[in-house]
Amino acid sequence: MHYNPQTQLHFPYLFSFPSSPMATSSLPLPASINGASYLESKAVKETKGLISELCRQFYHLGWVGGTGGSITIKVHDENVTKSQQLIVMSPSGVQKERIVSEDMYILSPEGTIISGPRPKPYPHKLPKCSDCAPLFLKAYQMRNAGAVIHSHGMESCVVTMINPGSKEFRITHLEMIKGIQGHGYYDEVVVPIIENTAHERELTDSLAAAIEAYPKTTAVLVRNHGIYVWGDSWISAKTQAECYHYLFDAAIKLHQMGLDWSTPTHGPIEAIKGRSRSVALSANLSSDIDSKPFPQYIVLDIEGTTTPITFVADVLFPYARDYVGRHLSATYATTETQDDIKLLRVQVQDDLEKGVAGAVPIPPDNAGKEEIIAALVANEKAMIKADRKITALKQLQGHIWRTGFVNKELKGEVYDDVPEALERWQGSGIKVYIYSSGSRLAQRLIFGNTNFGDLRKYLSGFFDATIGNKRESRSYVEITESVGADHPSEVLFLTDVYQEATAAKAAGLEVIISVRPGNAPLPENHGFKTVHSFSEI
């Protein structure tokens, strides 16, 4: 069957693809792409050819064998916004290694079939657009993706079977994690797992729910089935799909060797399970907490908890203040710094509207570079002086500090009792995370370059202000869900700030306040357990 590009075939619920013509109406497309000539354009043809090529590659990787799996890519056109770009999608039920451009379907941004292939002679089946279409559309609509890959790779199937009750796949401290969008080597990758159904279309709602529940994920695993991976472009989606499959394969092999892939050291599973998770707090704490089982997760604040307040106030902040001008001048044209400037523009505009002291208007982009940098420096210094806990400032500071650590002008500092405690907790199978208002980059720099060496091998992940304000209980709810705890009481939070402790306690976490030299005094009768050293835990 051949679809007339001047008509549309609308299918209810975005999953019923007809094999015979239906009623027609005008295409709801932008004028620039609405017409038969556009369907024959270079951009559309190249996208169709690209999917054909990728299908052949993925077939040999074992991702789309037996006619399973599928690929979809948006037709990139600089004159059309991504949300309005046409969608090219591979067909269903065909030999993916033999697929050609003429086999592709073209859909409108809303999922309406615009054009499809002609029927082929026996033994080929009648043309049918991918059964994955409704799921692909969710990734396009909810993540503004540029491409989506559905793989039936063996690794993505088997890794969901190792723990049949798990709702997530988690892994950390492997090089290929760096290929996952927004992650580094020391980060923890979390991929939600949804349950399989008899028909692909029936997965639509659960996949959408997973996408909503895990805003940072770029993939969803389907148990006993495969994986959906998306990216800003086909290159991003392909790169991440390859990295995910590598990580799944590594997890399976580690499991076969009796090693735990979810911990930083990937130690023996038996050793972790054999240790009691009910490690008691030391006698320095009151007896009412001694009987409680020790949490499975520990979340640490930095300033005043793992690291002296003086290091932040007297070393990091002055460095960022003194070298912000140098940093902006040297990196002004880079994408990273331009992104920092955009964030600062938005924040400063909001500050000006609210009358925040120290806010200075930032000249427009067409103004001189030095004039813009001068305004940025003035705002950054005012924000540091006010100790603002805002993403725009923390992100820029992280990039400035990175230069300092790389140039050996900075070295992280932690208390003497911290390294031993981190090693001890890890040996007990406890996962340790950092939560600070400083950016995740800044956190990794501090713990990766300490006076005791690189301590990131003991840390399972990092949280910053993007997950929420440290004085709001909702932030701790998000952290509890992110680390995979079944109950908030499985998480212990250590901080020196009373308001943060109160917020964490309201979220159901266990809380201990760190009392270190130079920390702010606590209110009388504050009601929290305190420690002066991690050796007391």
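Shown above is the structure to which this text applies.
This write-up is about the structure you can find in this document. Keep in mind the model is a prediction, meaning the values are calculated, not measured. (Residues numbered from 1 in each chain as written. Predicted model: local features only at pLDDT ≥ 70, side-chain atom pairs only at ≥ 80, totals over all residues. Heavy atoms only, no water.)

1. Quick notes on the overall build of the protein
A tally of regular secondary structure across the protein gives 16 helices and 15 strands. Counting only contacts in the protein whose residues sit at least 6 apart along the sequence, the fraction spanning at least 24 positions is 65%. For the protein, the computed accessible surface area is about 23,900 Å², with 53% contributed by carbon and sulfur atoms. (Helix = DSSP H or I, 4+ residues; strand = E, 2+ residues; numbered from the N terminus. Contact = heavy atoms within 4.5 Å. Areas by Shrake-Rupley, 256 points an atom, 1.4 Å probe, with all protein chains shown as cover.)

2. Observations regarding helix H3 (residues 133–143)
When we look at burial in H3, the residues that qualify are Ala133, Pro134, Leu135, Phe136, Leu137, Ala139 and Tyr140. Each element contacted by the buried residues of H3 is listed here: strand S1 (70–74), strand S2 (87–89), strand S5 (147–151), helix H5 (204–213) and strand S9 (226–231). (Buried < 20%, exposed > 50% of the residue type's maximum accessible area, 1.4 Å probe, protein only.)

3. Some thoughts on helix H13 (residues 417–427)
Every buried residue belonging to H13 is among Asp417, Val418, Pro419, Ala421, Leu422, Trp425 and Gln426, and all of these are buried. On its buried face, H13 is in contact with strand S10 (297–300) and strand S11 (431–435). The positive-phi residue at the C-terminal boundary of H13 is glycine 429, with phi of around 80 degrees.

4. Describing the sheet that holds S1
Read across the open sheet, the nine strands follow the order S4-S3-S2-S1-S5-S9-S8-S7-S6; overall the sheet is mixed. The two strands at the open ends of the sheet, each matched to only one other strand, are strand S4 (113–115) and strand S6 (168–172). If you compare each strand with its neighbour and ignore which way they point, the axes differ by 25 degrees on average. In this structure, strand S8 (residues 219–222) lies alongside S9, joined through four bridges in antiparallel fashion. Note that in S9 the partner of valine 220 across the bridge is tyrosine 228. Helix-sheet contacts for H5 involve strand S7 (188–194), S8 and S9, and the interaxial angle to S7 is about 155 degrees. (Pairing = 2+ DSSP bridges. Axes fitted to C-alpha atoms, helices over the stretch in contact; angles between N-to-C directions.)

5. Considering the packing of H3 against H5
Each pair of packed helices can be summarised by the angle the axes make with each other and by the distance between the axes. For the pair H3 and H5, the least separation of the axes is 9 Å and the interaxial angle reads 25 degrees. Taken together, the axis directions place H3 and H5 in an arrangement best described as roughly parallel. Classified by chirality, the crossing of H5 by H3 is right-handed. Across the interface between the two elements, Pro134, Leu135, Lys138, Ala139, Met142 and Arg143 from H3 touch Thr204, Leu207, Ala208, Ile211 and Glu212 from H5. Considered class by class, the residues forming the contact of H3 with H5 number seven nonpolar, one polar and three charged. (Parallel < 35°, antiparallel > 145°, perpendicular 65-115°, else oblique. Left-handed = near helix turned anticlockwise from the far one by under 90°. Nonpolar A, V, L, I, M, F, W, Y, C, P; charged D, E, K, R; others polar.)

6. Notes on unusual backbone geometry
Put simply, tyrosine 122 and proline 123 share a cis peptide bond, and its omega is 15 degrees. Here proline 123 is to be found in the loop between S4 and H3. Although it is not a glycine, asparagine 224 sits at a positive phi angle of roughly 60 degrees. Among the secondary structure elements, asparagine 224 is positioned in the loop between S8 and S9. In the Ramachandran plot, histidine 266 falls in the positive-phi region, its phi being about 55 degrees despite a non-glycine side chain.

7. Some details on the sheet that holds S11
The strand order S12-S11-S10-S13-S14-S15 describes an open sheet built from six strands, whose pairing is parallel. Unpaired on one side and paired on the other, strand S12 (461–463) and strand S15 (529–531) mark the two borders of the sheet. Direction aside, neighbouring strands of the sheet carry axes that sit 25 degrees apart on average. As paired strands, S11 and S12 are joined by three bridges and run parallel to one another.

8. What about the nonpolar core?
Ile298, Leu300, Trp401, Leu422 and Trp425 are the most contacted members of the largest nonpolar core, which totals 57 residues. The element best represented in this core is helix H9 (residues 309–331), accounting for eight residues. With 45 residues, the next largest nonpolar core counts Trp63, Val88, Val191 and Phe248 among its residues. (Core = buried A, V, L, I, M, F, W, Y, C linked by side-chain atoms within 4.5 Å.)

9. Some words on the layout of surface pockets
Considered as a void within the structure, the second largest pocket measures approximately 600 Å³ in volume. In terms of lining residues, the second largest pocket is bounded by 33 residues, among which Glu303, Lys389, Ser437, Lys470 and Glu500 are the most central. Elements supplying a minimum of two residues to the lining of the second largest pocket: H9, helix H12 (391–406), helix H14 (440–448) and helix H16 (498–506). Looking at the lining of the second largest pocket element by element, the count peaks at four residues for H9. (1 Å grid on protein atoms, 1.4 Å probe; cavity = no way out; pocket = protein on both sides within 12 Å on 5 of 7 lines; lining within 4 Å. Points joined across faces, edges and corners; volume = space filled by probe spheres on them.)

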